[in-house]
Amino acid sequence: MKPVIQRALEQLNDPGPIKVMQSVSGGDINEAFYVRTSHHEYFIKANTNVPSHFFTVEALGLERIDQTNTINVPKVYHYNEPDEGETGVLIMEWIEEDRQAHSAEKFGQNLAKMHLHPAEQFGLDQPTFIGRLTQDNSWSESWLDYYRENRLQPQLQLAIESSTLPHKRRDKLERLISRLDRWIPHHPSPSLLHGDLWAGNYMIGQKGIPYLIDPSIVYGDHAFELAFTELFGGFPSTFYAAYQEMMPLPFEYEDMKPLYQLYYLLVHLNMFGESYGPPVDRILTRYTGG
Ligand code: ADP
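Note that this is a predicted model, so its numbers are computed, not measured.

The rules behind these values
Chains are numbered independently. Their residues run from 1 in the order of the written sequence. Only residues with pLDDT of at least 70 get local features here, since the model is predicted, and only at 80 or more are side-chain atom pairs given and counted; chain-wide, interface and lining totals rely on the full set of residues. Heavy atoms throughout the structure, all of them, feed into the side-chain values; hydrogens and water do not. The set of buried Ala, Val, Leu, Ile, Met, Phe, Trp, Tyr and Cys residues whose side-chain atoms join them within 4.5 Å is what this entry labels a nonpolar core. Three exposure classes are used, based on accessible area relative to the maximum for each residue type with a 1.4 Å probe and protein chains only: buried under 20%, partly exposed in between, and exposed over 50%. All domain edges in this entry derive from an automatic or database-based domain assignment. Any pair of residues with heavy atoms lying within 4.5 Å of one another is described as a contacting pair. Every axis in this analysis is a line fitted to C-alpha atoms, fitted for helices over the stretch in contact. Angles between the N-to-C directions lie between 0 and 180 degrees. Secondary structure elements are defined from DSSP: runs of H or I of at least 4 residues count as helices, runs of E of at least 2 residues count as strands, and each element is numbered from the N terminus. To sort the angles, those under 35 degrees are grouped as roughly parallel, those over 145 as roughly antiparallel, those from 65 to 115 as roughly perpendicular, and the leftovers as oblique. For this description, a residue counts as near a given molecule or strand if any of its non-hydrogen atoms is within 4 Å of it. Counted as a polar contact is a pair of N or O atoms within 3.5 Å, where, for protein atoms, one must be capable of donating a hydrogen and the other of accepting one, and residues adjacent in sequence contribute only when both atoms are in side chains. All accessible-area figures derive from a Shrake-Rupley calculation using a 1.4 Å probe, and residue coverage is judged against the displayed protein chains alone. Side-chain classes follow a simple rule in which Ala, Val, Leu, Ile, Met, Phe, Trp, Tyr, Cys and Pro form the nonpolar group, Asp, Glu, Lys and Arg form the charged group, and the remainder, Gly included, forms the polar group. Strand pairing follows a simple DSSP-based rule, namely that at least 2 bridges must link the two strands.

S.K.: Explain the nonpolar core here, please?
M.R.: Of all hydrophobic cores here, the largest spans 72 residues; its most connected members are Tyr 147, Leu 212 and Tyr 260. The two domains that each donate at least three residues to this core are domain 1 (2-93) and domain 2 (103-288). The residues contacting Tyr 260, other than those within four sequence positions of it, are Trp 143, Tyr 147, Ile 184, Pro 185, Asp 221, Ala 223, Phe 224 and Ala 227. Counting 11 residues, the second largest nonpolar core, distinct from the first, contains Leu 9, Val 35, Tyr 42 and Ile 91.

S.K.: Can you walk me through the packing of helix H6 (residues 222-229) against helix H8 (residues 253-272) in this structure?
M.R.: Each pair of packed helices can be summarised by the angle the axes make with each other and by the distance between the axes. Where H6 contacts H8, the two axes come as close as 8 Å, and the packing angle between them is 75°. Considering the angle they form, H6 stands roughly perpendicular to H8. Here H6 contributes Ala 223, Phe 224, Leu 226, Ala 227 and Phe 228 to the contact with H8, which in turn contributes Tyr 253, Met 256, Lys 257, Tyr 260, Gln 261, Tyr 263 and Tyr 264.

S.K.: Can you help me understand the site of the ligand in this one?
M.R.: Around the ligand lies a shell of 18 residues, among which Asn 30, Lys 45, Glu 93, Ile 95 and Asp 214 are the nearest. In the environment of the ligand, a nitrogen atom lies 2.8 Å from a nitrogen or oxygen atom belonging to the backbone of Ile 95. At 3.5 Å, a side-chain N or O of Asn 201 approaches an oxygen atom of the ligand. If the ligand stood free it would expose 560 Å²; the protein chains cover 91% of that surface. Here the shell around the ligand is built from residues that sort into eight nonpolar, six polar and four charged. Two domains each donate at least three residues to the shell around the ligand, and these are domain 1 (2-93) and domain 2 (103-288).

S.K.: Can you walk me through the sheet that holds strand S5 (residues 88-93) in this structure?
M.R.: Hydrogen bonds between backbone atoms are what pair the strands of a sheet, whose relative direction is either parallel or antiparallel. Taking strand neighbours across the sheet as the criterion, the five strands line up as S1-S2-S3-S5-S4 in an open arrangement whose pairing is antiparallel. Unpaired on one side and paired on the other, strand S1 (18-23) and strand S4 (76-79) mark the two borders of the sheet. Direction aside, neighbouring strands of the sheet carry axes that sit 20° apart on average. Two elements, strand S2 (residues 31-37) and strand S3 (residues 41-47), share six bridges in a ladder whose sense is antiparallel. The residue of S3 that forms the bridge with Val 35 is Tyr 42.

S.K.: Whenever I open this one, the environment of Arg 151 confuses me. Can you help?
M.R.: Tracing the backbone through its elements, the reader meets Arg 151 in helix H4 (residues 143-161). Along the chain, Arg 151 and Gln 135 lie 16 residues apart, while their C-alpha atoms are 7.3 Å from each other. Each residue touching Arg 151, except ones within four places of it in the same chain, is listed here: Gln 135, Asn 137, Tyr 146, Val 218, Phe 224 and Tyr 263. One polar contact links Arg 151 to Tyr 146, side chain to side chain, over a distance of 3.0 Å.

Here is the structure:
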């Protein structure tokens, strides 16, 4: 991988040499490295098995978040669009972790500011990725329609194709999707969402400043974002308190939450298999009955 990274750095006008190159763990998809040359430190992701626009989409997401001027993201220095068989590379600012007492509160405030940044519609003007799966976005006037047609339906379809939907699960999921209007709103106010916000996708940098990383952006209901933060253990309570002070969650949030988590559970079911079946089934049973 070193020669590939060396070449990418040259395109960035850093002639090297690479003095330090260490693997960084924690991601789901890519190889990741800390790289130091005589000139600079970098965080670099590389992958030979992703579509050519994979890192373009990540860079665009980071740029859209940056444009809101509400929350930090790492600066993107370089990315390529590799031909088949070549390696995709994304070179970014290295964030040195420095968690401080106020970091979670600051994160809650900054995320609320990002969600409060005005937006007009739901969806996005281009496809994105969640893990390795593609999300075919489109614009919609209705969040409910977007969520049903661009999120739940495609995961249902994928699960049918990969045979992860036993008859009963499929039947319940189809019934639930047809009744979604009981719980999911047509017109919440649209927010720019990170879209894949679990604990591994934010960092606390120098002076305790929060950063969003690895987004899968979409304009949607902010409750969708918060529901996912709660799925795998949750964030610190000071994060939620600070967030809600600036941007309260709707009264019906607790009823919507499992339906928003359902999307991410279906994604996990489709990517990682049956260990995510039981939590999917619990939600289906709760909303469709026995
Ligand atoms: P993947 O796309 O494979 O999921 P991530 O973007 O989540 O990879 O990055 C993997 C890990 O690398 C993160 O969990 C985090 O610990 C670390 N990381 C991500 N971005 C940076 C950065 N800009 N600086 C330093 N470390 C980072």
